[in-house]
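The chain contents come next:
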Amino acid sequence: MSTVESRPLVGAGVSRVDGPRKVTGTAPYPMDFGIPGQAYGTVVQSTVAAGRILRMHTGAAEGAPGVLAVITHENVPSVGTGPMTVLGPSSPPPLRNDRILHHGQHIAFVVAETPEQAAAAARLVRVDYEVEEPLLDLQDPRAQQVVDPWEMDTARGDSDAALESAEVVLRNTYRTADNTNNPLGLFATVAVWEGNTLTVHDTSQWPSMVRTTLAMVFGIPESSVRVLVPYVGGGFGAGLRAWPHVILTALAARMLNRPVKLVLTRPQMFTSVGHRPHGVQWLSVGATRDGELVALDHRSLSSLSIEDTDFEPFSSGTAFAYRCPNVITRDRQARINIAVPTSMRAPAEAQGNFALESALDELAYAIGMDPVDLRVRNHTDVDPRNGLPWTGKAILECYEVGARRFGWYDRNPEPRSMRDGNWLVGYGMASAMFPYFAQPCSAQATLNSDGSALVRSAATDIGTGTYTVMAQLAAEEVGLPLDQVRFDLGDSDMPNSMMAGGSGLTGALGNAVHDACRRLVRSFAELASGDGRSPLRGVSPDDVECAGGRVHVAGRPDLGESYVDILARHGMSELTAYGHSTPPVPTEIGMSPAGAYGAKFVEVRVDADLGLIRVARVVSAIDGGRILNAKTARSQIIGGTVGGIGMALYEDTVTDPHTGRIANGTFGDYLVAVNADVPDLDVVFVGEPDRGTPTGTKGIGEVGLVGIAAAISNAVHHATGKRLRDLPITLDALL
């Protein structure tokens, strides 16, 4: 059984099917939901970074107008701990003791009749602390270090010996700042209990995980928990946990026996839902004078909270980025008194790529070799970790197409050699890669008696276009027009889905949708094959195709019948099939699953007197496998590029070195790239469908950001002759 070979839907730049709801303001985001009779919660936060609570003065808050409850560690009911997930253990339960681990920690939860009353009462809570000196310096010798936290450290060959004998050796240190995710939509939770059944509207990128967590925390079956997330106002990784405020909201709703709603404020977002950890990286590169890499030694130290985990192996990508016989990667994390770090778009690769691709640019200048040619020289078609060929890797085409579109070889390669009036002009480039990641995923496909199809999965669409591309894929697989197919998501009662993160959802969910739709069409073919009244009687399901709402003999569109007729003749109102996907196993497919690749080319202008930096052009050549929707895919690369510009030039979550307080925790103080900072961005897709999965896709949500910071930094060096190894790059560093 197969669909017809023409593919008019998948790949087309179809506008988002959810676009009309978003632009008319009718898309319901978590903070838009309200339940009749609901109360409102707000968190009280610690004003010190380390120590203990000696006493909490809550009387004034409890007596304030409209206040229903003030929950602290002294009166909070006992709850359980959440599960181990693929991203690590759940956060510890909130309000579990009197310890203070970071400034802004949730230490109380106030519930009142209105949000204004809750906020006013929260300000009345007074706390006596036993204050301790916080650990805030990443390299403080007192900070506990976690060595190889994810068992991803690697070593092949003998890097020490190779560096000793290499013709050219560079050793440098690179630093990246703490960035905060800051999605436009404030995180919100609405919780309502009906007996022992809990329904939660939450800002999440992973409804199935939130359901599991709440079930374990409150000791109820997963079937008694429903998590609803039809729309998310951005996440960038912040929505990959069931954060303490979610549990507090549900806890308060159970204690009061009425719905409770919480919406975090913007300053609370800076300490409540994670951030990209800052870190330092030491990178040694050994090479021959003609540009062949002989050794890479990449080590990192990144920030971690006192009592939590974060998946952030900065150096891991270096192990398989290039052909090099001697490679060592080592990652450590230092526990300090900061809010919990978490995934932020392109976790680990964003930071690790900056160091590696900056170091390669330095090597290119040291040996007088073009930076693109250096990377081509060290390209590998096989995974250096296992020797297997990649399922798809078109980075050489990325270099070629990107360089041509950008005009890379037209430049004068000498630093500080290009000028436009008072602007120093610089060109820089970097490779980009984001590793393959996927988890098991399920989907349900139903064809109704009116000829329409409904496909469902408990996934989320965080702005990537999941609603649209899954509807396109399903329409293709069942042979229906797009307007007759609906894809539903954002409900944990639907078939289990992996998170919208790690650039893995489109591939994993797409393969599950593919499987469900193929099974559905096969079920129709089997019904018809065994029906003496059908023109498909006796036809093997392996010998049919589907198109135009019909199943027909392959190559014989005239010999078949419609889904509607098959259902009607069997007295059925609908037919449903379930599909599943699991990540491919390299040893079984004989290939190593490849993530997305890219080449980034950037032109910057630097004011010769003031050191102001302006990004003038960006060309991103991307190998994203089979592109399901050219419009939404391009949008993903553009969004990632903007994030990369912010990482390179603006974003820095500043923590006061004495108090641990975040000093710029508002949009008035935390700088992000805005329209004036973003030029026209050129995006081009190259390569072929990936060979590792049925749909041939790769995740591209993160590869758009990877490489931008390094390319900008390399361009600034070309423009000014100054090599800057710390992010963000600020004008004072250029003066």
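Above this text is the structure in question.
These notes cover the structure that comes with them. (Residues numbered from 1 in each chain as written. Predicted model: local features only at pLDDT ≥ 70, side-chain atom pairs only at ≥ 80, totals over all residues. Heavy atoms only, no water.)

### A word on the overall build of the chain
From N to C terminus, the chain includes 18 helices and 31 strands. For 735 residues, the compact-globule formula gives about 27 Å, and the C-alpha radius of gyration of the chain, at 27 Å, lands near that figure. Taken along its principal axes, the extent of the C-alpha atoms in the chain is 80 × 75 × 50 Å. Scored against the burial criterion, the 735 residues of the chain give a buried share of 61%. Here the contacts in the chain between residues at least 6 apart in sequence split such that 81% fall between residues at least 24 apart. Looking at the chain as shown, the accessible area adds up to about 26900 Å², and 51% of this sits on carbon and sulfur atoms. Treating the 61 positive side-chain charges of the chain as one cloud and the 81 negative ones as another, the clouds have centres 1 Å apart. (Helix = DSSP H or I, 4+ residues; strand = E, 2+ residues; numbered from the N terminus. Rg over C-alpha atoms; globule rule 2.2 N^0.38 Å. Buried < 20%, exposed > 50% of the residue type's maximum accessible area, 1.4 Å probe, protein only. Contact = heavy atoms within 4.5 Å. Areas by Shrake-Rupley, 256 points an atom, 1.4 Å probe, with all protein chains shown as cover. Lys, Arg positive; Asp, Glu negative; His and termini not counted. Charge placed at Lys NZ, Arg CZ, Asp CG, Glu CD.)

### What about the side chain of Ser-497?
Locating Ser-497 in the fold gives a position in the loop between β24 (485–488) and α13 (505–529). Ignoring sequence-local partners within four residues, the contact set of Ser-497 consists of Trp-206, Ser-208, Cys-441, Ser-457, Ala-458, Ala-459 and Leu-505.

### Considering the packing of aromatic side chains
To describe a pair of aromatic rings, you give the distance between the ring centres and the angle between the ring planes. In total, this model carries 13 aromatic pairs according to the counting rule given. With centroids separated by 5.0 Å and ring planes inclined at 75°, the aromatic side chains of Trp-150 and Phe-311 adopt a geometry described as edge-to-face. You can see Trp-150 sitting in the loop between β10 (145–147) and β11 (154–156) and its partner Phe-311 sitting in the loop between β18 (293–304) and α8 (318–321), a full 161 residues away along the chain. Exposure remark for Phe-311: the relative accessible area of 27% places this residue in the partly exposed category. Judged by centre distance (5.6 Å) and plane angle (65°), the rings of Trp-408 and Phe-601 are edge-to-face. Of this pair, Trp-408 sits in the loop between α11 (395–406) and β20 (418–420) while Phe-601 is found in strand β29 (residues 596–607), placing the two residues 193 residues apart along the sequence. (Phe/Tyr/Trp six-rings, centres within 6.5 Å; stacked < 30°, edge-to-face > 60°.)

### Regarding the packing of helix α5 (residues 207–218) against helix α6 (residues 244–256)
In the contact formed by α5 and α6, the axes pass within 11 Å of each other and the chain directions differ by 50°. When the interaxial angle is binned, α5 and α6 end up oblique. Crossing handedness for the pair α5 and α6: right-handed. Residues Leu-214, Val-217 and Phe-218 of α5 form the contact with α6, whose participating residues are Val-246, Ile-247, Ala-250, Leu-251 and Arg-254. Partitioning the contact of α5 with α6 into residue classes produces seven nonpolar, no polar and one charged. (Axes fitted to C-alpha atoms, helices over the stretch in contact; angles between N-to-C directions. Parallel < 35°, antiparallel > 145°, perpendicular 65-115°, else oblique. Left-handed = near helix turned anticlockwise from the far one by under 90°. Nonpolar A, V, L, I, M, F, W, Y, C, P; charged D, E, K, R; others polar.)

### Here we look at the sheet that holds strand β4 (residues 67–72)
As summarised here, the arrangement of the seven strands in space is β4-β8-β2-β16-β13-β14-β15, forming an open sheet in which the pairing is mixed. Of all strands in the sheet, those bounded by a partner on one side alone are β4 and β15 (225–228). Adjacent strand axes in the sheet meet at a mean angle of 20°, parallel and antiparallel pairs treated alike. Pairing geometry for strand β13 (residues 188–194) and strand β14 (residues 197–202), over six bridges, is antiparallel. Within β14, the residue paired with Glu-194 across the bridge is Thr-197. Taken strand by strand, α5 contacts β13, β14 and β15, and its axis lies near 145° from that of β15. Lying over the sheet, α6 contacts β4, β8 (106–112), β13, β14 and β16 (260–263), oriented at roughly 35° with respect to β13. (Pairing = 2+ DSSP bridges.)

### Things to note about the pairing of β29
For β29, the buried fraction is high: eleven of the twelve residues fall into the buried class. Here strand β21 (residues 423–434) runs beside β29; their pairing, made up of twelve bridges, is antiparallel. Residue pairing across strands places Ala-430 opposite Lys-600, the latter belonging to β29. For β29 and strand β30 (residues 613–623), the ladder comprises ten bridges, and the chain directions are antiparallel. The partner of Arg-605 across the bridge, within β30, is Arg-614. Connecting β29 to the antiparallel partner β30 that follows it, the hairpin turn spans five residues, and Gly-611 within it adopts a positive phi of roughly 75°.

### Things to note about α13
Between its first and last C-alpha atoms α13 spans 35 Å; for 25 residues at 1.5 Å apiece the expected length is 36 Å, and the two agree. Counting buried positions along α13 gives 18 out of 25 residues, so the element sits mostly inside the fold. (Expected span 1.5 Å × (residues − 1).)

### Observations regarding the sheet that holds strand β22 (residues 441–448)
The four strands are arranged β24-β23-β22-β28 in an open sheet whose pairing can be described as mixed. Across the chains shown, the open sheet's two edge strands, defined by having one partner strand only, are β24 and β28 (574–581). Taken over all neighbouring pairs, the strand axes of this sheet differ in orientation by 15° on average, direction set aside. With four bridges joining them, β22 and strand β23 (residues 453–456) adopt antiparallel strand pairing. Bridging from a neighbouring strand, Ala-445 pairs with Val-455 of β23. The sheet strands contacting helix α12 (residues 466–478) are β23 and β24, and the helix crosses β24 at an angle near 135°. Across the sheet, α13 lies against β22, β23, β24 and β28, angled at about 140° from β28, the strand it touches most.

### Concerning helix α9 (residues 349–367)
Relative to the 27 Å expected for 19 residues at 1.5 Å per residue, α9 spans 26 Å between its end C-alpha atoms, a close match to the ideal helical length. Counting buried residues along α9, 17 of its 19 residues qualify, which places the element largely inside the surrounding structure. A positive phi of about 70° marks Gly-368, the residue just after α9.

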